[in-house]
Amino acid sequence: MSQALVKTAAGWLLGLMLAIVGAIISVNLVNSSVASPQQPVREYLEALQHGEGERALGLLRASVPDADPAMLDGTALQTSASRITNVKLGAAVARGGNRVMVPMDYTIDGSQLHTEFLLESTGTEWLFFHKWSFVPTTLPTVDVTVVNSSEATMNGVPVNMPGGHNSFAVFYPGEYEASLNGQYFAAPSTRATVSGREAPAAPLNLLTHATDELNQAVSARVKEFLDKCAAEAGQQQRLQPDCPFYHVTNNRVVDGTIKWSITQYPKVTIEPFDGKWVVAPLDGKAKITAQQIDLFTGAVSPLNEEHDFSFTTRLDIDGDTIKVTPLLTF
């Protein structure tokens, strides 16, 4: 064999070896990147960030529990995922058989959190590239309760709260925030972090309270009632009108001189009770002025007395309509 032929064969052999080595290196690089166990996790997180619930559900191979699905797509899902920062995926850890665990460290609201994803090998593609998929699971849930309301807001999305409670299916990891911001009733926001399927979130309990707008509206109606009552008592010249206040005396009060006025209006407090909203007993002060005659001496003297009074009301709210009904006993 000629020396030139030998050199040519050697060159071909070297080229083939280099090609094989290059192919092996390429396969290893692909298996450690786009075909790595971490890749499905990256794609899953991307789907969460884009609010693509259907895609995320398919990647996670998760079934949806019997719960409200309002948090599984769109704005609610994007909001949950947007709070995940400083994500670091660790090296896969063998879990026996064809399974591995991919650890993920991240931050939500300044808290360091950890989630473990279980994946399994489901074969290869193009003979060389590994194919990894999540081990099928069921989505966790977040329970929410709200006092005296049939609605609330979760991650910026209005949700129904039949009977004041609901359970929402959620993706993980993520953060879920519930609040109530109604015209007449509101509740401070409260948050729950879901780090994994086996790490259930604490229930979100919304403590509803009457808004300043409702308190002012009820106060205005109470004031209107008392002012009207005092004016009618003066017009009718009555010491004991159909009002929460009255005056008792042994003297004769000169007709035409009686005048009632409210010197202290009640402070309105609206509280939840037995599934309804009630106004706490209303306490105030009323003043009567008049001329009075002592029946024994005939002396005329001014009457100027202030009386404490208290009464209760029934509160009815229908949409934007507020009705306050005084409950008086005589």
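Every chain's residues receive numbers from 1 upward, in the order its sequence appears when written. Local features in this predicted model are restricted to residues whose pLDDT is 70 or higher, and side-chain atom pairs enter the listing and the counts only when it is 80 or higher, whereas totals over whole chains, interfaces and linings include all residues. By convention in this description, side-chain values take in all heavy atoms of the structure and omit both hydrogens and water.

A.B. asks: Provide a residue-level description of the environment of Arg191, including the pertinent values.
C.D. replies: Put simply, DSSP marks the helices as runs of H or I at least four residues long and the strands as runs of E at least two long, and each gets a number from the N terminus on. Here Arg191 is to be found in strand β13 (residues 185-194). Any pair of nitrogen or oxygen atoms within 3.5 Å is treated as a polar contact; in protein, a donor-acceptor pairing is required on top of that, and neighbouring residues in sequence qualify only through side-chain atoms on both sides. Of the polar contacts made by the side chain of Arg191, one reaches the side chain of Glu175; its length is 3.3 Å. There is a polar contact of 3.5 Å between the side chain of Arg191 and the side chain of Glu177.

A.B. asks: Provide a residue-level description of the sheet that holds strand β10 (residues 157-160), including the pertinent values.
C.D. replies: Spatially, 5 strands are ordered β10-β9-β12-β13-β15 in an open sheet, and the strand pairing comes out antiparallel. For this open sheet the edge positions go to β10 and β15 (209-210), each flanked by a neighbour on one side alone. Pairing of strand β12 (residues 174-181) with β13 involves 7 bridges; the strand directions are antiparallel. Its bridge partner lying in β13, Ala178 is registered against Thr190. Here, any two strands with at least 2 DSSP bridges between them count as paired.

A.B. asks: If you had to explain the packing of helix α2 (residues 38-49) against helix α3 (residues 53-60) to someone new, which residues and values would you point to?
C.D. replies: Every angle, taken between N-to-C directions, lies between 0 and 180 degrees, and every axis is a line fitted to C-alpha atoms, over only the stretch in contact when it is a helix. One way to put it is that α2 packs onto α3 with a least axis distance of 8 Å and a crossing angle of 160°. When the axis of α2 is compared with that of α3, the two are roughly antiparallel. Crossing geometry of α2 relative to α3 is assigned as left-handed. Across from Glu43, Tyr44, Glu46, Ala47 and Leu48 in α2, the residues of α3 making contact are Arg55, Ala56, Leu59 and Leu60. Gly counts as polar in this scheme, as do all residues outside two lists: the nonpolar Ala, Val, Leu, Ile, Met, Phe, Trp, Tyr, Cys and Pro, and the charged Asp, Glu, Lys and Arg. Tallied by class, residues from the contact of α2 with α3 come to 6 nonpolar, no polar and 3 charged. Orientation categories follow fixed angle ranges, with anything under 35 degrees roughly parallel, anything over 145 roughly antiparallel, 65 to 115 roughly perpendicular, and all other angles oblique. A clockwise turn of the near helix away from the far one marks a right-handed crossing, whereas an anticlockwise turn of less than a right angle marks a left-handed crossing. Note on contacts: a residue pair qualifies if any of its non-hydrogen atoms lie within 4.5 Å across the two residues.

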